[in-house]
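Listed below are the residues making up each chain.
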Amino acid sequence: EVQLVESGGGLVQPGGSLRLSCATSGFTFSNHWLSWVRQAPGRGLEWVANIKQDGSLKYYLDSVKGRFTISRDNVKNSLYLQMNSVRAEDTAVYFCTRDQQGPRLYQVDDWGKGTTVTVSS
Amino acid sequence: QSVLTQPPSASGTPGQRVSISCSGSSSNIGTNTVNWYQHLPGTAPKLLISSNNQRPSGVPDRFSGSKSGTSASLAISGLLSEDEADYYCSAWDDSLNGHFVFGTGTKVTV
């Protein structure tokens, strides 16, 4: 069974930093693209960033470029999101996802239950 | 801001058929495959339809997807109370160096 368990969320002040982690099991970690997706209170799903199997390619939502960094550890089977210079609009539940990528295809196959990030003074 | 536009809401009575549209552009739906997700508040979203019209194992055949040009749609037939949820379309977008996008979401009420 595929499992994705996020941690590291919490209350952070505007301009501060936070590091989210996602521990995974039940699949061959190094074979998959992975993403972070968020949902702000009362809003829809918003993709934040993703990373290729070997970490050589990363894509980011425009509003987080230069502030957030996605990374992975293929030995520890873990995904990370370093969040710097956070803003109130980054307040959301952050989901870790296991993805599938191919020619003209990208999809999120599995989701964690999410971790909540609240940016407030 | 999402570049995939969905109606904010849809509704039906048990047993009816509901259809949700997803409007995009040539850089996303027009080029790449579309997926649909079901999301009940407080839970992890679930992949409902992949590659425009494929149902993953375990998804009832009451759910079906289609795509034409730069638009896609999700149909739910034989509506059940348990289908009351938020539904999102998604696709890879080749513009701006590439990024993944979700639709604006549709709340289905039974």
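What comes next concerns the included structure. (Residues numbered from 1 in each chain as written. Chains lettered and ligands numbered in written order. Predicted model: local features only at pLDDT ≥ 70, side-chain atom pairs only at ≥ 80, totals over all residues. Heavy atoms only, no water.)

1. Describing the interface of chain A and chain B
Put simply, the test is: Contact between two residues is taken to exist if any of their heavy atoms lie within 4.5 Å; hydrogens are not considered. Accessible area that two parts lose when put together, evaluated with a 1.4 Å probe and summed over both, is termed the buried area. We define a salt bridge as a side-chain nitrogen of Lys or Arg found within 4 Å of a carboxyl oxygen belonging to Asp or Glu. Here a strand is any run of E in DSSP of at least two residues, a helix any run of H or I of at least four, and the numbering for each starts at the N terminus. Basically, the charged four are Asp, Glu, Lys and Arg, the nonpolar ten are Ala, Val, Leu, Ile, Met, Phe, Trp, Tyr, Cys and Pro, and anything else, Gly included, counts as polar.
Contacts between the two partners involve 21 residues from chain A, matched on the other side by 21 residues from chain B. Between chain A and chain B, a total of about 1800 Å² is buried, with carbon and sulfur atoms accounting for 61% of that surface. The interface formed by chain A and chain B includes 0 salt bridges. Of all the elements in the fold, those that place two or more residues in the side of chain A that touches chain B are strand S4 (34-39), strand S5 (45-51) and strand S10 (105-111) of chain A. Ranked by residue count, the leading element in the side of chain A that touches chain B is S10 of chain A, at 6 residues. Class assignment for the residues of the side of chain A that touches chain B results in 9 nonpolar, 5 polar and 7 charged.

2. Comments concerning the layout of surface pockets
The criterion, for reference: Computed over the protein atoms alone on a 1 Å grid, cavities are sets of points where a 1.4 Å probe fits but cannot get out and pockets are open sets with protein on both sides within 12 Å along at least five of seven lines; a residue lines them when it has an atom within 4 Å of a point. Grid points are joined across faces, edges and corners, and a volume is the space filled by probe spheres set on the points.
Roughly 160 Å³ of volume is contained in the second largest pocket. At the level of secondary structure, the elements contributing two or more residues to the lining of the second largest pocket comprise S10 of chain A together with strand S4 (46-49) of chain B. Sorting elements by how many residues they give to the lining of the second largest pocket places S10 of chain A first, with 3 residues. Its residues placed into classes, the lining of the second largest pocket shows 6 nonpolar, 1 polar and 3 charged.

3. Quick look at the environment of leucine 57 of chain A
Residue and element names in this part refer to chain A. What counts, and what does not: Partly exposed residues are those whose accessible area sits between 20% and 50% of the maximum for their type, while under 20% is buried and over 50% is exposed, using a 1.4 Å probe and protein chains only.
Along the chain, leucine 57 turns up in the loop between S5 and strand S6 (58-60). A residue is classified by how much of its surface remains accessible, and leucine 57, at 36% relative accessible area, is partly exposed. Here the alpha-carbon distance between leucine 57 and tryptophan 33, two residues 24 residues apart in the chain, equals 9.6 Å. In this structure leucine 57 touches Trp33, Asn50, Ile51 and Lys52, once residues within four positions along its chain are discounted.

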